[in-house]
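Listed below are the residues making up each chain.
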Number of protein chains: 2
Amino acid sequence: MITSPTLVLDRNKALENIKKMSSKVSKLGLKFRPHFKTHQSLEIGNWFKEFPIDGITVSSLKMAKYFASDGWESITVAFPFNILDIKEINALASKIDLRILVVDSESAIELDKNLTSDVSVYIEIDPNYGRSGIHLNDTEQIGNLILAVNNSEKLTLHGFYSHAGHSYKCRSSNDIARFSKPIIDSLSQIKNKYDLPICFGDTPSCSVLKNFGAIDELSPGNFVFYDWIQTQIGSCDPKDIAIAMKCPVVAKYPSRNELLIHGGAVHFSKDHDLLESGEPYFGQVVPTLNKGWGKPIEECYLKTVSQEHGIVKCSDEFFSDTEPGDLITILPIHSCLTADLMGTYLTTDDERISHLSEKRI
Amino acid sequence: MITSPTLVLDRNKALENIKKMSSKVSKLGLKFRPHFKTHQSLEIGNWFKEFPIDGITVSSLKMAKYFASDGWESITVAFPFNILDIKEINALASKIDLRILVVDSESAIELDKNLTSDVSVYIEIDPNYGRSGIHLNDTEQIGNLILAVNNSEKLTLHGFYSHAGHSYKCRSSNDIARFSKPIIDSLSQIKNKYDLPICFGDTPSCSVLKNFGAIDELSPGNFVFYDWIQTQIGSCDPKDIAIAMKCPVVAKYPSRNELLIHGGAVHFSKDHDLLESGEPYFGQVVPTLNKGWGKPIEECYLKTVSQEHGIVKCSDEFFSDTEPGDLITILPIHSCLTADLMGTYLTTDDERISHLSEKRI
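Residues numbered from 1 in each chain as written. Chains lettered and ligands numbered in written order. Predicted model: local features only at pLDDT ≥ 70, side-chain atom pairs only at ≥ 80, totals over all residues.

So, on to the overall build of chain A. Across its full length, chain A holds twelve helices and 22 strands. For 361 residues, the compact-globule estimate of 2.2 N^0.38 gives 21 Å, and chain A sits close to it at 22 Å. The principal-axis extent of the C-alpha atoms belonging to chain A is close to 70 × 45 × 35 Å. Across the 361 residues of chain A, 53% fall into the buried class. For chain A, long-range pairs separated by at least 24 residues make up 63% of all intrachain contacts whose partners lie at least 6 apart in sequence. (Helix = DSSP H or I, 4+ residues; strand = E, 2+ residues; numbered from the N terminus. Rg over C-alpha atoms; globule rule 2.2 N^0.38 Å. Buried ≥ 20, exposed ≤ 12 C-beta atoms within 10 Å, placed from the backbone. Contact = placed C-beta atoms within 7 Å.)

Here the focus is the relation of the copies chain A and chain B. Each copy superposes on the other: chain A lies on chain B with an RMSD of 0.0 Å after a rotation of 180° and an axial shift of 0.0 Å. Taken together, the rotation angle and the small translation identify this as a two-fold axis. A high fraction, 100%, of the interface residues of chain A reappear at the interface in chain B, so the copies pair face to face through one surface. (Least-squares fit on C-alpha atoms with pLDDT ≥ 70 in both.)

Our next topic: the pairing of strand β11 (residues 243-253) of chain B. Residues and elements named next belong to chain B. Most of β11 is tucked away, with ten of its eleven residues classed as buried. Of the strand pairs in this sheet, strand β1 (residues 6-9) and β11 are connected by four bridges, and their pairing is antiparallel. The residue bridging L9 from the neighbouring strand is I243, located in β11. Note: β11 against strand β20 (residues 327-332), four bridges, orientation antiparallel. Bridge pairing links K246 to T329 in β20. (Pairing = 2+ DSSP bridges.)

Residues and elements named next belong to chain A. With 22 residues, helix α7 (residues 173-194) should reach 32 Å at 1.5 Å per residue; the first-to-last C-alpha distance of 31 Å fits that figure. The largest bend in α7 amounts to roughly 30° and is located at S180, with the proline P182 lying one to four residues further along. Listed as buried for α7 are I176, S180, I183, I184, L187 and I190. The elements touched by buried residues of α7 are β6 (119-126), β8 (155-162), β9 (198-200), α8 (203-208) and α9 (228-233). Downstream of α7 by a residue or two, D195 has a phi angle that is positive, lying close to 55°. (Expected span 1.5 Å × (residues − 1). Bend = angle between axes of the 7 residues up to and from the residue.)

Let us look at the interface of chain A and chain B. Each partner contributes residues to the interface: chain A has 44 residues there, and chain B has 44 residues. Among the secondary structure elements, those contributing two or more residues to the side of chain A that touches chain B are α3 (61-68), β4 (74-80), β11 (243-253), β12 (258-262), α10 (265-268), β19 (309-313) and α12 (335-342) of chain A. For the side of chain A that touches chain B, the per-class residue count stands at 18 nonpolar, 14 polar and twelve charged. (Nonpolar A, V, L, I, M, F, W, Y, C, P; charged D, E, K, R; others polar.)

A few words on the nonpolar core. By size, the foremost hydrophobic cluster in this structure holds 228 residues, and its most contacted members are V102 of chain A together with V102 of chain B. Discounting residues that sit within four places of it in the chain, V102 of chain B has contacts with P80, F81, S107, A108, L111, V121, I123, L145 and V149 of chain B. (Core = buried A, V, L, I, M, F, W, Y, C linked by C-beta atoms within 7 Å.)

What follows covers helix α5 (residues 105-114) of chain B. Residues and elements named next belong to chain B. Listed as buried for α5 are S107, A108 and L111. All buried residues of α5 fall inside an arc of 105° around its axis, so they share one side. As for α5, its buried residues are in contact with β5 (97-102), α6 (139-150) and β8 (155-162). (Arc of directions from axis to C-beta.)

Mean pLDDT over chain A: 97, with 99% of residues reaching 70 or higher. Predicted complex, confidence summary: ipTM 0.97, pTM 0.98. (pLDDT = per-residue confidence, 0-100.)

The accessible area lost on association of the parts is a frequent measure of interface size. Residue and element names in this part refer to chain A. Examined at the domain level, chain A breaks down into domain 1 (33-224) and domain 2 (238-354). A separation of 33 Å is found between the C-alpha centroids of domain 1 and domain 2. The interface is formed by nine residues belonging to domain 1 together with seven residues belonging to domain 2. A breakdown of the residues in the side of domain 1 that touches domain 2 according to their chemical character gives two nonpolar, five polar and two charged. (Domains from an automatic or database assignment.)

Turning our eyes to something else, we now look at the pairing of β6 of chain A. Residue and element names in this part refer to chain A. Of all eight residues in β6, six are buried, a share of seventy percent or more. Summarising the sheet, strand β5 (residues 97-102) and β6 pair through four bridges and their orientation is parallel. Bridge assignment links I100 to a residue of β6, and that residue is V121. After leaving β5, the chain enters helix α5 (residues 105-114) and then returns to the sheet as β6, a path that is right-handed. As paired elements, β6 and β8 share six bridges and run parallel to each other. Directly across from E124, in β8, lies its bridge partner Y161. In terms of strand pairing, β6 meets strand β7 (residues 134-135) through two bridges, oriented parallel. (Right-handed = clockwise from strand over helix to strand, strands pointing away.)

Moving on: the environment of G310 of chain B. All names here are of chain B. Along the polypeptide, G310 turns up in strand β19 (residues 309-313). A sequence separation of 109 residues divides G310 from G201, and the C-alpha atoms of the two residues are 33 Å apart. Not counting residues within four places of it along the chain, the set of residues in contact with G310 comprises C247, I261, G263, G264, L302 and V305.

Note on placement: S269 of chain A falls in the loop between α10 and β13 (273-274). Note: C-alpha distance between S269 of chain A and L341 of chain A (72 residues apart in sequence) is 7.2 Å. With near-sequence residues (within four places) excluded, S269 of chain A lies in contact with H334, L337, T338 and L341 of chain A together with K270 of chain B.

With a phi angle near 80°, S269 of chain A is a residue other than glycine that sits in the positive phi range. In this structure, D350 of chain B takes a positive phi of about 65° despite not being glycine. Within the secondary structure, D350 of chain B is located in the loop between β21 (344-347) and β22 (352-354).

Dropping the structure here:
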């Protein structure tokens with residue numbers, strides 16, 4: 001019996017999301033290297049093995065070690081090379097096809113100097129997101145880095161890696177298409193200029209686009225679960241969301257049509273979307289069903305979160321239908337952070353599924 | 001050697017914060033029931049044992065069980081009674097002086113009906129924060145709840161509990177004083193009317209106020225570490241902050257004076273303060289010292305966080321002095337959430353200290 005905030009996983013929805021993305025990538029004739037940072041789960045990783053996969057993508061060496069321990073043999077760490085990790089990189093590179101991102105000549109030379117095994121690298125290209133990599137217009141630096149990698153002893157230049165995380169600012173599938181086109185065009189030019197594979201992968205673009213230009217590999221991650229913000233971005237329908245939080249209702253406040261729930265920032269994270277008023281909110285309420293949940297209930301959302309408390313704003317009907325002791329179900333804004341905080345999943349069939357950051361208690 | 005994001009704890013600063021708050025509470029002749037939700041650590045809990053303490057406060061039954069397992073015998077769960085927790089409550093109430101918050105007559109009656117041991121309760125009063133409890137002006141409901149508790153078999157009415165979490169909107173110590181006065185006055189009236197103890201405790205008010213009216217018990221929590229937002233609220237000086245994140249620098253971006261670090265939302269949380277421009281930021285950079293850290297460096301802050309990546313905006317000088325492979329130190333915005341995410345502390349003397357949510361890996 002659920003008595004405290006619990007992350008529930010609808011296995012069929014996740015399997016359907018995996019199948020849909022995998023078959024899209026296959027039909028396009030591209031390679032699929034799904035990002036595992038969203039689920040961070042060995043069991044869920046295994047669900048991907050039914051589908052054609054070139055390898056997997058993770059966002060830290062810790063995650064790479066975790067999945068390598070379960071038999072994954074080709075892993076991209078989609079995070080720029082950190083010289084402080086060199087010991088772990090050497091240990092892992094001697095066992096698997098480890099692929100690392102490099103973002104400047106100096107660190108590529110440093111990596112080469114300290115490696116004890118050969119390693120494949122991707123040059124990270126910043127598609128104007130402003131987070132990481134060489135800006136896609138900076139042909140001089142791209143050229144220098146290619147030279148540095150080609151002159152190295154232990155690095156093999158696999159290709160380019162690019163993540164357009166600013167696609168999260170889109171608010172419709174048309175937005176996503178308009179946003180992605182110039183990026184895909186620029187990346188395709190880079191591909192054609194250097195004749196090297198390009199790996200690309202944000203969930204909005206990978207969910208919506210039909211044409212990926214000259215791109216060779218896709219590595220989206222969030223699509224395995226999706227979440228409420230992805231419905232707002234235009235990547236998916238609410239029915240595609242594969243995880244939800246079940247939280248106990250603890251008190252009712254009739255004067256403000258609000259419920260107090262056990263479920264706060266240590267469960268949901270503080271990631272938020274904005275209401276039309278400009279105020280933040282932290283999740284979308286759906287009806288609690290015996291196995292799973294129903295469609296979003298209008299005007300019912302997680303209004304505030306503090307450490308363990310959450311306040312849910314309700315429609316009149318939902319408020320009058322809900323009592324302390326009930327469990328209510330809330331679609332999280334950002335599934336990656338919610339799953340990382342919760343550290344474990346309970347499937348709608350009552351099976352426990354583990355997560356890398358599983359809590360001791 | 002630190003190679004990945006690490007939460008560093010300056011034990012002397014934390015001990016000094018504990019000593020200062022404890023001696024303030026003692027001098028005022030009040031009872032001290034510090035909130036342990038910030039540190040969630042058995043070892044740090046033990047540091048409090050040198051000082052006069054009436055009991056401790058936690059925000060979940062899980063935390064209460066954790067500290068009870070280490071010999072704490074009087075624990076307030078500062079969260080309204082959740083009927084789904086009744087089995088755990090009965091188990092714990094048979095062993096320790098467990099105190100629970102009640103917020104309405106129905107749930108008090110429900111609690112009484114299902115208890116197998118006697119339990120002390122606090123009636124939670126909402127000091128206009130809008131989160132939880134009976135509003136301080138709602139004398140009718142307060143009266144009804146007192147009656148329900150007094151008519152019960154197993155509940156002993158200990159007193160009132162009130163948390164003014166909206167003090168976090170203050171931006172100077174004068175602000176905090178002005179904000180707190182009417183709340184303390186109202187709570188004092190309630191105290192005088194019903195002649196029952198009142199427990200009160202947000203870190204800003206407890207750090208700044210000199211006069212607590214008729215209040216009997218204080219239960220602040222964040223003060224053990226403080227954090228960057230508390231310096232902005234007016235509760236403390238930057239030198240009082242007892243925890244900081246050490247993060248590897250991975251890349252430099254000269255065109256935008258920014259560093260890429262390993263350190264993101266799964267380490268810091270997404271809690272933020274606002275720059276003058278209205279843009280959010282996620283931490284304040286300080287110089288990295290061999291043991292600990294120095295004073296805040298102007299114009300250097302954690303500008304954005306995604307799952308594992310952080311972008312640090314730098315002054316010209318800090319940018320030119322910092323290289324990939326360096327560790328930089330960042331004061332977190334909100335220490336409670338950062339500690340909960342990190343799940344372990346490394347003291348400036350290189351000792352590992354545990355946290356309830358310690359990660360498996």
